[in-house]
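The lines below spell out each chain.
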Amino acid sequence: MDILAIAGSLRQGSYNRQLAEAAGAALGRLHPEAGFRLLAWDDVPLMNQDIEHPAPGAVARVRDEVKRADGLWLFSPEYNHAIPGPLKNLIDWLSRPVSEAEGQVLAGKPVALAVNKCDSVGPTNPDVYEFYCLGIGDLFETSAVHGHGTGDLLDWVLENIPEDSGEDEDDDIIKVAIVGKPNVGKSSLLNRILGEER
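Cut-offs used in this document
Residues numbered from 1 in each chain as written. Predicted model: local features only at pLDDT ≥ 70, side-chain atom pairs only at ≥ 80, totals over all residues. Heavy atoms only, no water. Helix = DSSP H or I, 4+ residues; strand = E, 2+ residues; numbered from the N terminus. Buried < 20%, exposed > 50% of the residue type's maximum accessible area, 1.4 Å probe, protein only. Contact = heavy atoms within 4.5 Å. Areas by Shrake-Rupley, 256 points an atom, 1.4 Å probe, with all protein chains shown as cover. Axes fitted to C-alpha atoms, helices over the stretch in contact; angles between N-to-C directions. Parallel < 35°, antiparallel > 145°, perpendicular 65-115°, else oblique. Nonpolar A, V, L, I, M, F, W, Y, C, P; charged D, E, K, R; others polar. pLDDT = per-residue confidence, 0-100. Pairing = 2+ DSSP bridges. Patch = residues over 30% accessible without salt bridge, like charges linked within 9 Å, V, L, I, M, F, W, Y side chains within 5 Å. Salt bridge = Lys/Arg side-chain N within 4 Å of Asp/Glu carboxyl O. Core = buried A, V, L, I, M, F, W, Y, C linked by side-chain atoms within 4.5 Å.

## Quick notes on the overall build of the protein chain
Within the protein chain, the secondary structure is distributed over 6 helices and 6 strands. Seen in sequence order, the protein chain has helices and strands lined up from the N terminus as β-α-β-α-β-α-β-α-β-α-β-α. Per-residue burial over the protein chain gives 41% buried out of 198 residues. A separation of at least 24 residues holds for 72% of the contacts in the protein chain among residues at least 6 apart in sequence. For the protein chain, the exposed area adds up to about 10,900 Å²; of that, 51% sits on carbon and sulfur atoms.

Right under this line is the structure:
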């Protein structure tokens, strides 16, 4: 298993990078056989259809990294109450077809977007709508602290992740992302899923 983490902030010392590194360390303790790496993407240019084909070298490199990964984790900060522009730009590149013959690198990869700190029950929380603009995965409103929505998320995981047959498999890889604003409970959700405090 090879997990590629994307820290949504380009700043080297960002909390999101630290969270990604902590998640990688936890993964290493739980599954020593798993590989974990952080994507370097600070050289990806702004999305521009005039330079889309052939893609700039940085974009081609990032796409290759995503294609090689068995799993994709996103750790994102909030910026002015929205998804950061650089991260949205990266996802724009990843969600575009590579060429006329090859589709986007995210195609066919199940992705769950757990939007945490949705503590109220009832109508959809308006804070989650911005996550739909990413155009990837199934969105789940969750509250790790109160347990709201975690059942639906776990049901999705059970439906989409095949049971381990004990054999190494390259097909049917599931991608899961925990994406959220700062201090929205991404760590609490991870702790709830893992069943232990991190």
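## Side note on helix α6 (residues 186–194)
Those residues of α6 that sit buried are Lys186, Leu189, Leu190 and Asn191. Downstream of α6 by a residue or two, Gly195 has a phi angle that is positive, lying close to 75°.

## Examining the side chain of Arg37
Note on placement: Arg37 falls in strand β2 (residues 35–38). Residues in contact with Arg37, not counting those within four places in the same chain, are Asp2, Ile3, Leu4, Ala5, Glu65, Arg68 and Ala69.

## Regarding the packing of helix α2 (residues 57–68) against helix α3 (residues 85–94)
Following both chains from N to C, one finds α2 and α3 inclined at 75°, their axes separated by 10 Å at the closest point. Between α2 and α3, the angle is such that the two are roughly perpendicular. The residues of α3 that touch α2, namely those facing Val59, Val62, Arg63 and Val66, are Leu90, Trp93 and Leu94. Of the residues belonging to the contact of α2 with α3, the class tally is 6 nonpolar, no polar and 1 charged.

## With respect to the environment of Pro97
Along the chain, Pro97 turns up in the loop between α3 and β4 (111–115). For the pair formed by Pro97 and His53, sequence separation is 44 residues and the distance between their alpha carbons is 9.6 Å. Not counting chain neighbours up to four residues away, the residues in contact with Pro97 comprise Glu52, His53, Arg63, Glu102, Gly103 and Gln104.

## Some words on the confidence of the model for the protein chain
Detailed reading of the predicted model is not advised wherever pLDDT is low. The predicted model of the protein chain averages 75 in pLDDT, with 67% of residues at 70 or higher. Of all helices and strands in the protein chain, the one with the weakest mean pLDDT is helix α5 (residues 150–160) (61), whereas α2 scores best (94).

## Some remarks on the sheet that holds β2
The strand order across the open sheet formed by 3 strands is β2-β1-β3, and the pairing between neighbours is parallel. Strand pairing shows two members of the sheet lacking a second neighbour, β2 and β3 (71–75), which therefore form its edges. Sheet twist, expressed as the average angle between the axes of neighbouring strands with direction ignored, equals 20°. As defined by bridge partners, strand β1 (residues 2–7) adjoins β3 across 5 bridges and the pair is classed as parallel. Looking at β3, one finds that Leu4 is bridged to Leu72.

## Re a nonpolar patch on the surface
Taken together, the side chains of Leu30, Ile193 and Leu194 present a nonpolar region at the surface, about 220 Å² in accessible area. Turning to its location among the elements, Leu194 is positioned in helix α6. The class of Leu194 is partly exposed, set by a relative accessible area of 32%.

## With respect to the pattern of salt bridges
As enumerated under the stated definition, the model contains 7 salt bridges in all. For Arg37, the salt bridge goes to Glu65, with nearest N and O atoms at 2.2 Å. Taken together, the residues span a long stretch of sequence, with Arg37 in strand β2 and Glu65 in helix α2 at a distance of 28 residues. Between Lys67 and Glu102 there is a salt bridge, with its nearest N and O atoms 2.8 Å apart. Taken together, the residues Lys67 in helix α2 and Glu102 in the loop between α3 and β4 connect sequence positions 35 residues apart. Each of Arg37, Glu65 and Arg68 takes part in a single network of salt bridges with overlapping partners.

## With respect to the nonpolar core
A general feature of soluble globular proteins is that nonpolar side chains tend to end up buried together. By size, the foremost hydrophobic cluster in this structure holds 26 residues, and its most contacted members are Ile6, Trp41, Val44, Leu87 and Leu90. Contributions of two or more residues to this core are made by β1, α2, β3 and α3. Take this core: its biggest share by element is 5 residues, from α3.

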